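Residues per chain are reported as follows:
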Amino acid sequence: QVQLVESGGGLVQAGGSLRLSCAASGRTFSNYIMGWFRQAPGKEREFVAAIYWSGSTYYADSVKGRLTISRDNAKNTVYLQMNSLKPEDTAVYYCAAKILTGSYYDKTKYPYWGQGTQVTVSS
């Protein structure tokens, strides 16, 4: 079992920055693909970013150049650095984990999820 807990959300003005954290438990954490997803009111949950155990990263087109995913395996923690935030980034952000490789963008392939943290960007 892998358990995930997000933190770091809050209210920020457009153009500002936040850093989200996801603390994980599990013996094989370093071998997992870690992903960030988000869900705005009235919309389906969508892929934001993912990082492989190798360190390779992947991003949705809407956040490229503004959001950066990273991980610290020694601390069992994944981060999402969010810069140049826009009102359309407002959503509940979830971290998720899956074993091995492939389908990093597909939320249906992730068996482990955190509870979510709210990010609100004011205009």
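Quick caveat: nothing in here was measured; it's all calculated off a predicted structure. (Residues numbered from 1 in each chain as written. Predicted model: local features only at pLDDT ≥ 70, side-chain atom pairs only at ≥ 80, totals over all residues. Heavy atoms only, no water.)

## Points about the sheet that holds strand β3 (residues 18-25)
An order of β1-β3-β8-β7 is seen for the four strands of this open sheet, with the pairing classed as antiparallel. The sheet is open, and its two edges are formed by β1 (3-7) and β7 (67-72), each paired on a single side. Taken pair by pair, the neighbouring strands of this sheet meet at an average axis angle of 15°, ignoring direction. One ladder, built from five bridges, connects β1 with β3; its direction is antiparallel. Note that in β3 the partner of glutamate 6 across the bridge is cysteine 22. (Pairing = 2+ DSSP bridges. Helix = DSSP H or I, 4+ residues; strand = E, 2+ residues; numbered from the N terminus. Axes fitted to C-alpha atoms, helices over the stretch in contact; angles between N-to-C directions.)

## Quick word on the nonpolar core
Counting 35 residues, the largest nonpolar core has Leu4, Met34, Trp36, Val48, Leu80, Met82 and Tyr93 as the members making the most contacts within it. Elements with a contribution of two residues or more to this core: β3, β4 (32-39), β5 (46-51), β7, β8 (77-82), β9 (91-99) and β11 (117-122). (Core = buried A, V, L, I, M, F, W, Y, C linked by side-chain atoms within 4.5 Å. Buried < 20%, exposed > 50% of the residue type's maximum accessible area, 1.4 Å probe, protein only.)

All we've got here are geometric facts, nothing functional implied.
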